[in-house]
Amino acid sequence: MKNEMTLAFDSISENEGFARVAVAAFVTQLNPTLEEVADIKTAVSEAVTNAIIHGYPGEVHKVVVRARLSEGMAEMWIVDEGVGIPDVKKAMEPLYTSRPEQERSGMGFMFMEAFMDQVKVESSVGMGTTVYMNKRIGQGAQEQEG
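A. The arrangement of the nonpolar core in detail. Counting residues in each nonpolar core, the largest one holds 35 residues, and the members touching the most others are Ile-40, Val-65, Met-76, Ile-78 and Met-133. Among the elements that take part in this core, helix 2 (residues 34-55) stands out by supplying seven residues, more than any other. Other than its neighbours up to four places away in sequence, Met-76 contacts Val-23, Ile-40, Val-44, Arg-66, Ala-67, Met-116, Val-131, Tyr-132 and Met-133.

B. Examining the pattern of salt bridges more closely. By the definition in use, this model includes five salt bridges. For Arg-68, the salt bridge is made with Glu-75, and the minimal N-O distance between the two is 2.9 Å. With a relative accessible area of 12%, Glu-75 lands in the buried category. One salt-bridge network, in which partners are shared between bridges, spans Glu-4, Arg-68 and Glu-75.

C. Layout of the pairing of strand 2 (residues 62-70). The alternating pattern of strand 2 places Val-63, Val-65, Ala-67 and Leu-69 on a buried face, while none of Lys-62, Val-64, Arg-66, Arg-68 and Ser-70, on the opposite face, is buried. Note: strand 1 (residues 2-10) against strand 2, nine bridges, orientation antiparallel. Looking at the pairing, Glu-4 lines up with Arg-68 of strand 2. One ladder, built from eight bridges, connects strand 2 with strand 3 (residues 73-80); its direction is antiparallel. If you follow Arg-66 over to strand 3, its bridge partner there is Trp-77. Remark: two residues form the turn of the hairpin made by strand 2 and strand 3, two consecutive strands paired antiparallel; Glu-71 in that turn has positive phi of roughly 45 degrees.

Rules behind the numbers
- Residues numbered from 1 in each chain as written.
- Predicted model: local features only at pLDDT ≥ 70, side-chain atom pairs only at ≥ 80, totals over all residues.
- Heavy atoms only, no water.
- Core = buried A, V, L, I, M, F, W, Y, C linked by side-chain atoms within 4.5 Å.
- Buried < 20%, exposed > 50% of the residue type's maximum accessible area, 1.4 Å probe, protein only.
- Helix = DSSP H or I, 4+ residues; strand = E, 2+ residues; numbered from the N terminus.
- Contact = heavy atoms within 4.5 Å.
- Salt bridge = Lys/Arg side-chain N within 4 Å of Asp/Glu carboxyl O.
- Pairing = 2+ DSSP bridges.

Shape descriptors only; they carry no functional weight alone.
Right, here's the structure in full:
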């Protein structure tokens, strides 16, 4: 089974919940465990929040979420065309935040990495950021059946 979806929405905080629920609903086609759904929702939430807060500070533009399902794998791309990240390696360090005045914890990428099998970040200053994440789905359900 292979299936894809694309979702585009305004970069306002109210849309973070919409994005996480939409991706979670889409992934249910792979029959994930509740834990797998929670992991994906958390990771998507963090990535979308980063795009809204850091990608478009003080402005409203589009955030795009793409998801692809194939053979037990869920892949997600969260894309903004915002300010970009000057130093991706530094930005992915725990507790680092470019917006300390907003009392950001700097744990977003750490949460994404904890809940997903793979997280890759590509960014260009002035061009935007793409966060790619994937997670193998169904391992827990297969283990419970066996």
